[in-house]
Amino acid sequence: MIRLPMRPGVIHKSARDLPVPAHLADWAATCASFSWPQVRGELAGTEAGVLNIAQLAVDRHAQGPHAHRTALRFLGAGAAVSDVDFAELKSLTDRFANALAALGVGAGDRVFVLAGRVPALYVAVLGALKHGSVVTPLFSAFGPEPIATRVNIGGARVLVTTEALYRRKIEKMRASMPSLQQVILIGEGDAETRVPGTLDYAKLMREAPAQPPVIRTGPADMALLHFTSGTTGTPKGAIHVHEAVLTHFATGRYALDLHDDDVFWCTADPGWVTGTSYGIVAPLLHGVTSIVDEAEFDAERWYRILQEQRVSVWYTAPTAIRMLMKAGPELARKYSFPQLRFVASVGEPLNPEAVWWGQEVLGRPIHDNWWQTETGGIMIANTPAMDIKPGSMGKPLPGVQALIVRRPEGGGVQVVDTPDTEGELALRVGWPSMFRGYLGQEERYRKCFAGDLYLTGDLAKRDADGYFWFVGRADDVIKSAGHLIGPFEVESALMEHPAVAEAGVIGKPDPVVGEVVKAFVSLKKGFEPNEALNLELLGHARKRLGAAVAPKEIAFLPTLPRTRSGKIMRRLLKARELGLPEGDTSTLEGGA
Ligand code: AMP
């Protein structure tokens, strides 16, 4: 019989165990004295009324004592390493901002970026913010359809991408993206002569004036448009404003405990909100060196990076941690991480086992934290000086008020005060990085609020000590490898196949990636369920949606369960898949 280790429910922390004093040494006292205007005061120094994420993240340091400190260290997919210091990053982003101005791109125009984790992507994001454009990062593993959908919802004017991605994912769809006026290709040589209708990034940068652009954005100006998915309908473009930078700064300090000489590595791709807020903005704001790895996950490579780059603060995700756990402790033992001071994780539930694995294998427990695209930054966290209850997301950060609420049948919202009682996680509005709308979808935005409460769509509990515990999603969205996937987008792509009559998509629990996308389809008359059609549908979905979104499994059913009003009952598909009770089926078409 395998003996499971006996582990206590709490990892106690004491100030003595911390290699450097934590910023959030006294949670209650800091929460009591914290104020957002105070944070704004700390970041001031620009003209009254002017606030710009890139100016604060880059220019502020380029003109100070950190000018020649490495801001971004790029580890190429091979062995190449290139460093960009704050002064260089300022001149590169100045040039990119000027290049956009030269192209006639105006303030508020949308600049989309679709690329791997290469230096030009970071320059484009920060340069476009400096110019006053609105930036949307897209995940490079998206297929042509999710890209085109988002480009069209966002009204992208400029797309910065690579030649390879353009040829694979954009070229054929370009005619269906009428707002797109300029496509800038990052690449080797003179891409614009090879690819009609595009501009060459390197040439634009060479020709752009070097002088610093005049920065004009204010706190309430739109800065970033991050797409997220819901249960129904098209993806939602969550609007974030320049003032979000206050949250990025405060959470970099309190949730990630960034100190001046840290080497920070956020493993998230900038195509998702974590990779922008914490893979680009927060570490730069704190003037620390940030590691960017171009390569995909590889356990040995990751341990080597932690060791060789002397990473001191590491921000990663449960799927990655579970993949490292799977690779076995022997591999980890070939490396050592004496500099590693703090490890945090976000994006999906973090198993208690993973928290302990960190303690035993890395020498540091993993600190779970919680937030979402709409919140723009970390809201709830396990911080360095706080006891960890493995399995809990931690406590709300200073400046954040989190509550558990119920929405009774008759309408309204009731706050749940009893500890350990399940309800919906809500946040009191007032933190600076709160989303300010879903682009063009006022009603969908309005529905997220009840009075001054933002309703997150997550189910959670709070215990008697004030720790929050994730219970599940209140809706049908799927979290796979940390990526939020809307079932409707997947169902729509499947429905485009001539054999498919109806499609219902669920997240099927998976020990490594949390959930895998599984589709159930019924076929049109004249089509037979068989292995060849199954493979064809998998291939069709992958081609359209990309590997990150496409289903990994498809099952055929004669018909799908629907409500009397015609909605596919994904909840029932999931219960049947998992062999769980079917719950209330009174609305089932033809049902009880
Ligand atoms: P996204 O907007 O893509 O960042 O996804 C946000 C969603 O991911 C949240 O609403 C949660 O459902 C989930 N999530 C994020 N962090 C955590 C966490 N620490 N534990 C459990 N679920 C999480």
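Residues numbered from 1 in each chain as written. Predicted model: local features only at pLDDT ≥ 70, side-chain atom pairs only at ≥ 80, totals over all residues. Heavy atoms only, no water.

Peer 1: Could you give an account of the overall build of the chain, naming the residues involved and the relevant values?
Peer 2: Scanning the chain from N- to C-terminus turns up 19 helices and 27 strands. Against the globule reference of 25 Å for 592 residues, the chain gives a C-alpha radius of gyration of 24 Å, in line with a compact fold. Each principal axis of the C-alpha atoms in the chain carries an extent, and together these give about 70 × 60 × 55 Å. Within the span of the chain, comprising 592 residues, buried residues form 58% of the whole. Contacts spanning at least 24 positions in sequence make up 70% of the contacts within the chain whose residues lie at least 6 apart. Taken as a whole, the chain presents about 24,000 Å² of accessible surface, with 54% of it coming from carbon and sulfur. Each charge class in the chain was averaged separately, 63 positive and 65 negative side chains, and the resulting centres sit 2 Å apart. (Helix = DSSP H or I, 4+ residues; strand = E, 2+ residues; numbered from the N terminus. Rg over C-alpha atoms; globule rule 2.2 N^0.38 Å. Buried < 20%, exposed > 50% of the residue type's maximum accessible area, 1.4 Å probe, protein only. Contact = heavy atoms within 4.5 Å. Areas by Shrake-Rupley, 256 points an atom, 1.4 Å probe, with all protein chains shown as cover. Lys, Arg positive; Asp, Glu negative; His and termini not counted. Charge placed at Lys NZ, Arg CZ, Asp CG, Glu CD.)

Peer 1: Please provide a residue-by-residue account of the site of the ligand, values included.
Peer 2: For the ligand, the set of nearby residues contains 16 residues, the closest of which are Asp368, Asn369, Gln372, Thr373 and Arg473. Glu348 places a polar main-chain atom, nitrogen or oxygen, 3.4 Å from a nitrogen atom of the ligand. The contact in question runs from an oxygen atom of the ligand to an N or O atom on the side chain of Arg473, over 2.8 Å. Calculation on the ligand without its partners gives an accessible area of 490 Å², and the protein chains cover 95% of this total. For the shell around the ligand, the secondary-structure elements that each account for two or more residues are strand E14 (366-370) and strand E22 (468-473). The greatest single-element share of the shell around the ligand, amounting to 3 residues, is contributed by E14. (Near = heavy atom within 4 Å. Polar contact = N/O pair within 3.5 Å; in protein donor to acceptor, adjacent residues only side chain to side chain.)

Peer 1: Now, about the side chain of Ser392: what can you tell me, with residues and values included?
Peer 2: Within the secondary structure, Ser392 sits in the loop between strand E15 (380-381) and strand E16 (395-396). Classification of Ser392 by relative accessible area gives buried; the value is 2%. Here the side chain of Ser392 touches Gly394 through a polar contact of 2.9 Å, landing on its backbone nitrogen. Residues within four places of Ser392 in sequence aside, it is in contact with Asp368, Asn382, Tyr467, Phe468 and Trp469.

Peer 1: Would you mind going over the domain arrangement of the chain in detail, with residue names and values included?
Peer 2: For the chain, the assigned domains read domain 1 (15-381), domain 2 (396-473) and domain 3 (478-578). A straight line from the C-alpha centre of domain 1 to that of domain 3 covers 32 Å. If you look at the interface, domain 1 gives 24 residues, while domain 3 gives 24 residues. Summing both partners gives a buried area of about 1,700 Å² for domain 1 against domain 3, and 56% of it is carried by carbon and sulfur. When the buried area of domain 1 at its contact with domain 3 is split by residue, Glu145, Ser229 and Trp272 rank highest and sum to 26% of it. The tally of links between domain 1 and domain 3 comes to 2 salt bridges. Arg150 serves as the salt-bridge partner of Glu489, at 2.7 Å between the closest nitrogen and oxygen. Put simply, domain 1 and domain 3 have 10 residue pairs in polar contact (both at pLDDT 80 or more) between them. Every element with two or more residues in the side of domain 1 that touches domain 3 is listed here: helix H6 (144-154) and helix H13 (318-327). A per-element tally of the side of domain 1 that touches domain 3 places H6 first, with 5 residues. Residue classes in the side of domain 1 that touches domain 3 are distributed as 8 nonpolar, 11 polar and 5 charged. (Domains from an automatic or database assignment. Buried area = accessible area lost by both parts, 1.4 Å probe. Salt bridge = Lys/Arg side-chain N within 4 Å of Asp/Glu carboxyl O. Nonpolar A, V, L, I, M, F, W, Y, C, P; charged D, E, K, R; others polar.)

Peer 1: Which residues make up the sheet that holds E15, and what values do they have?
Peer 2: Taken together, 9 strands build an open sheet; the order of strands is E2-E1-E11-E10-E12-E13-E14-E15-E16 and the sheet is mixed. With one partner strand each, in any of the chains shown, strand E2 (81-85) and E16 form the two edges of the open sheet. Of the pairings in the sheet, the one linking strand E10 (residues 263-266) to strand E11 (residues 289-293) comprises 3 bridges and is parallel in character. Residue pairing for E11: Trp265 is matched across the bridge by Ile291. Sheet strands touched by helix H12 (residues 299-308): strand E1 (70-75), E10, E11 and strand E12 (313-316). Its angle to E11, the strand with the most contacts, is close to 160°. Lying on the sheet, helix H15 (residues 352-362) is in contact with E12, strand E13 (342-346) and E14; it crosses E14 at an angle near 145°. (Pairing = 2+ DSSP bridges. Axes fitted to C-alpha atoms, helices over the stretch in contact; angles between N-to-C directions.)

Peer 1: Break down the pairing of strand E19 (residues 423-428) for me, with residues and values.
Peer 2: Regular strands place their side chains on alternate faces of the sheet. Among the 6 residues in E19, 5 count as buried, and that is most of the element. As paired strands, strand E17 (residues 402-406) and E19 are joined by 4 bridges and run antiparallel to one another. Residue pairing across strands places Ile404 opposite Leu425, the latter belonging to E19. Where E19 lies against strand E21 (residues 453-462), 5 bridges are found, and the strand directions are antiparallel.

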